[in-house]
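Coordinate inspection notes
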Amino acid sequence: QLQACGGGLVQAGGSLRLSCAASGGTFSSYGMGWFRQAPGKEREFVAAISYFGTSTNYADSVKGRFTISRDNGKNTVYLQMNSLKPEDTAVYYCAAGRLWVARADEYNYWGQGTLVTVSS
């Protein structure tokens, strides 16, 4: 089970940190990813991280602004979002799978989503 939190309303240029806590299963056995879905748009990949955090993967749209990290001792993955833009407004979902790739269908477990709204 994945529980995401940390969303909210922020002004453009601001920062937020999302968290996703996992329960049930061995957290370090899963690659973790963040995806987002804006109103009227398809879900898109944001970032992913390998089992022990040694490898990360980012969408071009967030490179240099977002950082994914994980704490296996706390069974939690994070998404630090800086320099937020209005186009980052979306529901953000965390996901767990055997790989840490951009393809959503490679992930087996999904959190419920947390809403991020960036005002201009």
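This section reports on the structure supplied with the text. Small disclaimer: the values here were computed from a predicted structure and weren't measured.

Within the protein, the regular secondary structure consists of 0 helices and 11 strands. When its helices and strands are written in sequence order, the protein yields β-β-β-β-β-β-β-β-β-β-β. Taking 120 residues into account, the globule formula puts the C-alpha radius of gyration at 14 Å, and the protein, at 13 Å, falls close to it. Dimensions along the principal axes, computed over C-alpha positions, put the protein at roughly 40 × 25 × 25 Å. Residues counted as buried form 42% of the 120 residues belonging to the protein. Split by element, the accessible area of the protein, about 6,100 Å² in all, is 47% carbon and sulfur.

A full pass over the atoms with the stated rule returns 1 disulfide. Put simply, Cys20 and Cys94 are joined by a disulfide, and their sulfur atoms are 2.1 Å apart. On the S-S bond that ties Cys20 to Cys94, the torsion sits near 60 degrees, and the link is right-handed. One end of the pair, Cys20, is in strand S3 (residues 16–22); the other, Cys94, is in strand S9 (residues 90–97), with 74 residues separating them in the sequence.

Moving on, we get to the nonpolar core. With 35 residues, the main nonpolar core has Trp34, Leu79, Met81 and Tyr92 as its most contacted residues. Contributing elements (two or more residues each) for this core: strand S1 (2–5), S3, strand S4 (31–37), strand S5 (44–49), strand S7 (66–71), strand S8 (76–81), S9 and strand S11 (114–119). For Met81, the contacting residues outside a window of four places in its chain are Gly14, Ser15, Leu16, Leu18, Arg65, Phe66, Tyr92 and Val116.

Within the secondary structure layout, Val118 lies in strand S11. We classify Val118 as buried; its relative accessible area is 6%. Placed 32 residues apart in sequence, Val118 and Pro86 show a C-alpha to C-alpha distance of 4.7 Å. Residues in contact with Val118, not counting those within four places in the same chain, are Val10, Gln11, Ala12, Leu84, Lys85, Pro86, Asp88 and Thr89.

Another aspect to go through is the sheet that holds S3. Read across the sheet, 4 strands follow the order S1-S3-S8-S7 without closing on themselves; strand pairing throughout is antiparallel. Edge positions in the open sheet fall to S1 and S7, since each of these has one partner strand only. On average, each strand axis in the sheet is inclined to that of its neighbour by 15 degrees, with strand direction left out of account. Pairing of S3 with S8 involves 6 bridges; the strand directions are antiparallel. Residue pairing across strands places Arg17 opposite Gln80, the latter belonging to S8.

Conventions used here
Residues numbered from 1 in each chain as written. Predicted model: local features only at pLDDT ≥ 70, side-chain atom pairs only at ≥ 80, totals over all residues. Heavy atoms only, no water. Helix = DSSP H or I, 4+ residues; strand = E, 2+ residues; numbered from the N terminus. Rg over C-alpha atoms; globule rule 2.2 N^0.38 Å. Buried < 20%, exposed > 50% of the residue type's maximum accessible area, 1.4 Å probe, protein only. Areas by Shrake-Rupley, 256 points an atom, 1.4 Å probe, with all protein chains shown as cover. Disulfide = S-S within 2.5 Å. Core = buried A, V, L, I, M, F, W, Y, C linked by side-chain atoms within 4.5 Å. Contact = heavy atoms within 4.5 Å. Pairing = 2+ DSSP bridges. Axes fitted to C-alpha atoms, helices over the stretch in contact; angles between N-to-C directions.

None of this, on its own, says anything about what the molecule does.
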